[in-house]
Amino acid sequence: MSKIIILGAGAAPGVPSLSYGWGDCNPENPKNVRSRTSVYYDFDGTHILIDTSPDLRLQLLNNNIKHLDGVLYTHKHADHLHGIDDLREINRIMLKNINIYAQADTITGIRERFSYMLTQPDHINNVIRRPSLIPNQIEWGKTFIVKNVSIIPFELSGHNAISTGYILNGGEIVHISDFKFISEESLSLIKRRPKLLIIPLTTPFGQPFHAGLDEVLKYIEKINPEHAIINHMAAECDYDAINAKTPDNVEAAYDNMIFETKD
Ligand SMILES: [Zn+2]
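So, here is what we can say about the structure in this document. (Residues numbered from 1 in each chain as written. Predicted model: local features only at pLDDT ≥ 70, side-chain atom pairs only at ≥ 80, totals over all residues. Heavy atoms only, no water.)

Inspection of every chain in the model, using the stated rule, returns five aromatic pairs. Taken together, a centroid distance of 6.4 Å and an interplanar angle of 80° make the contact between F144 and Y166 edge-to-face. You can see F144 sitting in strand β7 (residues 144-146) and its partner Y166 sitting in strand β9 (residues 163-168), a full 22 residues away along the chain. Judged by centre distance (5.9 Å) and plane angle (80°), the ring pair of Y239 and Y254 falls under edge-to-face. (Phe/Tyr/Trp six-rings, centres within 6.5 Å; stacked < 30°, edge-to-face > 60°. Helix = DSSP H or I, 4+ residues; strand = E, 2+ residues; numbered from the N terminus.)

Next up on the list: the nonpolar core. With 50 residues, the main nonpolar core has Y41, L72, I176 and I230 as its most contacted residues. Apart from the residues lying within four places of it in its own chain, the contact partners of L72 are I48, L49, I50, D51, Y101, F144, V146, I151, Y166 and L168. Core analysis: the second largest hydrophobic core is formed by 24 residues, I5, I65, L81 and A102 among them. (Core = buried A, V, L, I, M, F, W, Y, C linked by side-chain atoms within 4.5 Å. Buried < 20%, exposed > 50% of the residue type's maximum accessible area, 1.4 Å probe, protein only. Contact = heavy atoms within 4.5 Å.)

Pairing within the open sheet is mixed, and its seven strands lie in the order β7-β8-β9-β10-β11-β12-β13. Pairing within the sheet leaves two strands with one partner each, and these edge strands are β7 and β13 (250-252). Strand-to-strand twist across the sheet, computed as the mean angle between neighbouring axes with direction ignored, equals 25°. In terms of strand pairing, β9 meets strand β10 (residues 173-175) through three bridges, oriented antiparallel. Bridging from a neighbouring strand, Y166 pairs with H175 of β10. Across the sheet, helix α6 (residues 213-223) touches β11 (196-202), β12 (227-233) and β13, and the angle it forms with β11 is around 170°. (Pairing = 2+ DSSP bridges. Axes fitted to C-alpha atoms, helices over the stretch in contact; angles between N-to-C directions.)

Here it is in structure tokens:
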């Protein structure tokens, strides 16, 4: 059994946002309060985090997350990356390095902005002063392992940063991040029907660098998961309105949403 927690269901500005307020979201519905994006996975005791939201501190506290076997990055945009410094608290608890995994362009972004926290496998930083992270560069289409969980990264296209999706735990779960379209080559890496697909929306009508709801539903139909969760929503996406426009096996995400797969 795998457990998934949507730590943050929001796009970059969060909901409500300073400039746009609640937008089209019903302020009476607590599921519309969204922090920025991170997703936590527990694969039978292997703990994996995807992306480090700028809201990571409260997300880890709220869900009592104190152990991570690896952190995967989808791309270098701030809303997915800039909570990275909060990983120091996990270093302090575990008293060891954390392995982080990302494609070359994302690793370069992390090195440029956060070089002070990167280290070597045989060295641990002083975790009172700074985080201690080991960078691991991954390649699209090449399987890598975190503890005992197999992961295949794949290319997502059309976003304004190079973006990576992940096929997790032998295909049980597919995690898609910011994208405009996905190539047939990338889709062909998904070999079985996933139990869960996580896919981002941003706004229902789409944007130059983000797919809209029609495109997202088209990819859900193509990948054909048992369940799908629509994540990464801005203030244009009201929880009930999105659910009303999607099939029964597709649900809008909300902060601290828990999903468990059955064996
Ligand atoms: Zn984003």
